[in-house]
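Descriptive structure summary
For reference, the chains in residue letters:
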Amino acid sequence: MGVAYPTEFGGRGLTLLHQAICNEELVRRRAPTAIGGPGVDVVAPMLIQFGSRDQCARLLPPLLSGDELWSLGFSEPEAGSDLAAVATTAERDGDEFVLNGCKIWTGFAAFAKRVLVIARTDPAAAKHRGLSCFAVDFDLPGVDRRTLHEMTGESNAPITQFYRVFFNGVRVPADALIGEVNDGWRCVLWSLGRERGPFVMRRQAELEGHFAELLDVIKGRTLTESQVEEIGRLSVLFDALRGQAMRTTRRMAERPGELFPEDSMDKLFYVYVDQQLHHLGLELLGEYGGTRMVTPSGMDAHKYTVNYMYSRAGSIYSGTDQIQKNIVARRKLGLPGA
Amino acid sequence: MRDLATRIAQTEDFLTRRLAHDRVAPSWSISEIRSLWDELRSAGCPRVDPAAPDWRASRTEIVQLFSLAGRMLVPLPLRELAVFTPLLHALAHGLPDSLADEGFAVLAVPTVDRGRARLDGGALTAVCDLVPFADAASAFVVPVRGDDGLVVSVVDATVSGITLEPRSTYDICSRPTLVSFDAAPAVAVLEHAAAETWWTQIMPAGRLAVAAETSGALASSCAQAVEYASQRAQFGRLIGSFQAVQHLLAGIASKAYTLDALCEEAAACAPEAADGMATSAKAYAAEIGLEVVEGALQAHGAIGYTQERPLHLYLKRVITLNATLGVARELRREIGMQRLSKTRTLP
């Protein structure tokens, strides 16, 4: 899965452009969605950027081969958009850290081998300053995973199966620490920003696949003028999304490792396209919208309804639309603070 | 040859000096327009390569030049000078002498509801509305669709049988005219397949130019709004520090950014995808154009409704650009039909 990662750690040593082409080919062949996204897009870059050589050698090869899935342990019930408010603590005790707290929206937790946790290592420091990152093995004693039922029920699992993860006195070895103690906020911000580029490229390919599939399904059906027009509008949005993804690919190839406020614009736009596409899906279902059946004309109403619901998660996860707009306003437009 | 970035920078310098006009559009005469174009060309202003019979060879030049034109509101017939006339030279033979040197041709498309255009034995009868810069043109290029296909005729501007009736507009960059040809002497320069080829060249080229010009106008509108919101204070705070204003501006700036990326991709993509991307760019420009300027107006508050700030000129320009070479709805329908008619729908 690690097309654009170094060969010494199990990657293919190619560029992000190769990664983008690979994503497109997978979608064209209608390959199932790969479920290791958080590991490949967030954890792997963080390990390479901030981790030790030993951590990279130990953790990256099974991650990139897909043998070991990772979850992200960032959000907490009281730390969503305000991520720096995390309350999970990691207390140093000899050669170990002791973890206590609760994480939420942890995807793939039932299948994952490890979770990347951000926890408070210095409760006395300012909010953003006392945080650190840990690679935590799910098998350790004191880790408890509980399912969180989303609006789609189980029908979209494992793509978006969420969990709450509890840490009750979990003892992790000191070498689970990624980067420096109390430098976790920088690691997380960098990795989340770094995620958006590859994510927009993959999502663009996936969404184009969904659109092509939708057009295949309705082939031969009589459409109203406004439906034809809406299909034209979506085609335009997809061309625009492709343009934006190509620009992002070039930016990342030219200036790897840097974060740009344009990443937030990318996220805002692909989520918009996603939501517009699935509105069209519902519209084309007509009276069968919201049902869990296959329509007489052969459309899988269940699938399109679930996809529609999942599209609503887009403007929430990985930084809400509002958070993205805050970033654009401050860092791209340079608007004044309060 | 200087690289494109340098040529664009020099073009911008030149225009900045010549457009210091207190936001009142100069009504340049035909000779002034020609000498300005001459000077612009010397300054390095790019245009479609008149030696390459394919618009796709000049896509980057089109995007760069028209994005600049949109930012600066250039009151010149740039589409005619830099795109349509060179393409005509590349594709047609036997053009009138008036089109040699710095002469330029304007596209005059017969207006559907004003009677059928006819080309009988070298005499053109047609009514064409909203022809840009007709009073300054050296010649008119009139496509006539007859029973045996498309014919592109060229009418020298000096011949008899042409009546010009200036139209009034709010947009300082267009100079529309109602042009009537009454048995005016015309030369058929392209016929049938060659004429269709010309049409399939000028449409995507023109649409990409309009999209890029819109993109430039939107970038400037957003910048004006950000600048205003960073100066204007209310309730003891700069209005740009209110989250409601920040989100409004972040939203329109993101849309303008997407259009810019789409124009860039229409210039950079594989040649076989270029025509479709150009049409998409124009359709997206028409979809978001007004929305973005309206957001910028909103951030200006009441002063945006006046002529105190230049934003109103951009609003007026974008209205014209939206209406040029296909409105949003038509384009979407055209693209939707094309997309549905493809047998293989996977990219």
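In this text the structure is predicted, and so the values were computed from the model without any measurement.

**Things to note about the overall build of chain A**
Of regular secondary structure, chain A possesses eight helices and eight strands. A globule of 338 residues ought to have a C-alpha radius of gyration of about 20 Å, and chain A, at 21 Å, matches this closely. Once the C-alpha set of chain A is aligned to its principal axes, its extents read approximately 70 × 45 × 40 Å. The 338 residues of chain A split such that 46% are buried.

**Topic: unusual backbone geometry**
Backbone geometry places Ser318 of chain A, a non-glycine residue, at a positive phi of 55 degrees. For Leu325 of chain B, which is not a glycine, the phi torsion comes out positive at approximately 60 degrees. Its place among the elements puts Leu325 of chain B in the loop between α8 (311–323) and α9 (328–341).

**Looking at the sheet that holds strand β1 (residues 105–107) of chain B**
Residue and element names in this part refer to chain B. Strands sit in the order β1-β4-β5-β8 across an open sheet of four strands; the sheet is mixed. Every other strand in the sheet has two partners, leaving β1 and β8 (187–191) as the edge strands with one partner each. Going from strand to strand, the sheet's axes swing by 30 degrees on average, the running direction of each strand aside. Here strand β4 (residues 139–146) runs beside strand β5 (residues 149–156); their pairing, made up of eight bridges, is antiparallel.

**Structural notes on the packing of helix α5 (residues 225–254) of chain A against helix α6 (residues 243–268) of chain B**
Two elements in contact, α5 of chain A and α6 of chain B, have axes separated by 8 Å at closest approach and are oriented at 85 degrees. Considered as vectors, α5 of chain A and α6 of chain B are oriented roughly perpendicular to each other. Every residue of α6 of chain B that contacts α5 of chain A at Asp239, Ala240, Arg242, Gly243, Gln244, Met246 and Arg247 of chain A is listed here: Thr258, Ala261, Leu262, Glu264 and Glu265 of chain B. Classifying every residue of the contact of α5 of chain A with α6 of chain B by side-chain character gives four nonpolar, three polar and five charged.

**A few points about the interface of chain A and chain B**
Listed per partner, the contact involves 35 residues of chain A and 35 residues of chain B. Going through the elements one at a time, α4 (184–217), α5, α6 (262–285) and α8 (321–332) of chain A are the ones with two or more residues in the side of chain A that touches chain B. Considering each element in turn, the side of chain A that touches chain B owes the most residues, 15 residues, to α5 of chain A. Residues belonging to the side of chain A that touches chain B are distributed by class as follows: 16 nonpolar, seven polar and 12 charged.

**Concerning the confidence of the model for chain B**
Residue and element names in this part refer to chain B. Taken over all residues, the pLDDT of chain B has a mean of 93, while the share at 70 or more is 96%. When mean pLDDT is compared element by element in chain B, α6 scores highest at 98, while helix α2 (residues 30–42) scores lowest at 88. Every residue in residues 343–347 is under pLDDT 50, and counting partners more than four places away or in other chains gives eight contacts. We note a pTM of 0.93 for the whole complex and an ipTM of 0.93 for its interfaces.

**With respect to the pairing of strand β2 (residues 89–93) of chain A**
Taken residue by residue, a regular strand's side chains alternate between the two faces of the sheet. Residues and elements named next belong to chain A. Relative to strand β3 (residues 96–107), β2 runs antiparallel, the two being bridged by five bridges. Paired with Asp93 across the two strands is Glu96, which belongs to β3. Hairpin remark: β2 followed by β3, antiparallel, with two residues in the connecting loop; positive phi at Gly94, about 65 degrees.

**Quick word on the sheet that holds strand β3 (residues 123–132) of chain B**
All names here are of chain B. In space, the four strands of this open sheet follow the order β2-β3-β7-β6, with antiparallel pairing throughout. The sheet is open, and its two borders are formed by β2 (118–120) and β6 (162–166), each paired with just one other strand. Pairs of neighbouring strands in the sheet enclose a mean axial angle of 15 degrees, with direction left out of account. Taken together, the five bridges between β6 and strand β7 (residues 176–185) define a ladder with antiparallel strand orientation. Across the sheet, residue Glu165 finds its bridge partner in β7, namely Leu178.

**Description of the confidence of the model for chain A**
A residue-level look at chain A finds 98% of positions with pLDDT of 70 or above and a mean pLDDT of 90. Mean pLDDT values over the elements of chain A span from 80, in helix α1 (residues 16–28) of chain A, up to 97, in strand β5 (residues 131–137) of chain A.

**Re helix α7 (residues 271–300) of chain B**
Residue and element names in this part refer to chain B. The end-to-end C-alpha separation of α7 is 41 Å, in line with the 44 Å expected for 30 residues at 1.5 Å each. Remark: the principal bend of α7, roughly 40 degrees, maps to Ile288. With 21 of 30 residues buried, α7 lies mostly within the body of the structure. Gly301 lies just past α7 and shows a positive phi near 65 degrees.

**What about the nonpolar core?**
In this structure, Ala105, Phe140, Val141, Leu208 and Leu249 of chain B are the most contacted members of the largest nonpolar core, which totals 149 residues. The biggest single contributor to this core is helix α5 (residues 193–229) of chain B, with 16 residues. Among residues more than four places away in sequence, those in contact with Leu249 of chain B are Ala329, Leu333 and Leu335 of chain A together with Ala225, Val226, Ala229 and Ala299 of chain B. Among the nonpolar cores identified, the runner-up in size contains 47 residues, and Val3, Leu99, Ala119 and Tyr163 of chain A belong to it.

**Here we look at the environment of Asp183 of chain A**
All names here are of chain A. The residue Asp183 is located in the loop between β8 (177–178) and α4 in this model. Owing to 17 C-beta atoms within 10 Å, Asp183 belongs among the partly exposed residues under this scheme. Between the alpha carbons of Asp183 and Gly2 there is a distance of 26 Å; along the sequence they are 181 residues apart.

**Things to note about the pairing of β5 of chain A**
All names here are of chain A. β5 sits mainly inside the fold: six of its seven residues count as buried. As defined by bridge partners, strand β4 (residues 114–120) adjoins β5 across seven bridges and the pair is classed as antiparallel. Considered in β5, the bridge of Ile118 is made with Cys133. By the bridge criterion, two bridges tie β5 to β8 in an arrangement that is antiparallel. Residue pairing in the sheet places Phe134 in a bridge with Leu177 of β8.

Cut-offs and rules
Residues numbered from 1 in each chain as written. Chains lettered and ligands numbered in written order. Predicted model: local features only at pLDDT ≥ 70, side-chain atom pairs only at ≥ 80, totals over all residues. Helix = DSSP H or I, 4+ residues; strand = E, 2+ residues; numbered from the N terminus. Rg over C-alpha atoms; globule rule 2.2 N^0.38 Å. Buried ≥ 20, exposed ≤ 12 C-beta atoms within 10 Å, placed from the backbone. Pairing = 2+ DSSP bridges. Axes fitted to C-alpha atoms, helices over the stretch in contact; angles between N-to-C directions. Parallel < 35°, antiparallel > 145°, perpendicular 65-115°, else oblique. Contact = placed C-beta atoms within 7 Å. Nonpolar A, V, L, I, M, F, W, Y, C, P; charged D, E, K, R; others polar. pLDDT = per-residue confidence, 0-100. Expected span 1.5 Å × (residues − 1). Bend = angle between axes of the 7 residues up to and from the residue. Core = buried A, V, L, I, M, F, W, Y, C linked by C-beta atoms within 7 Å.

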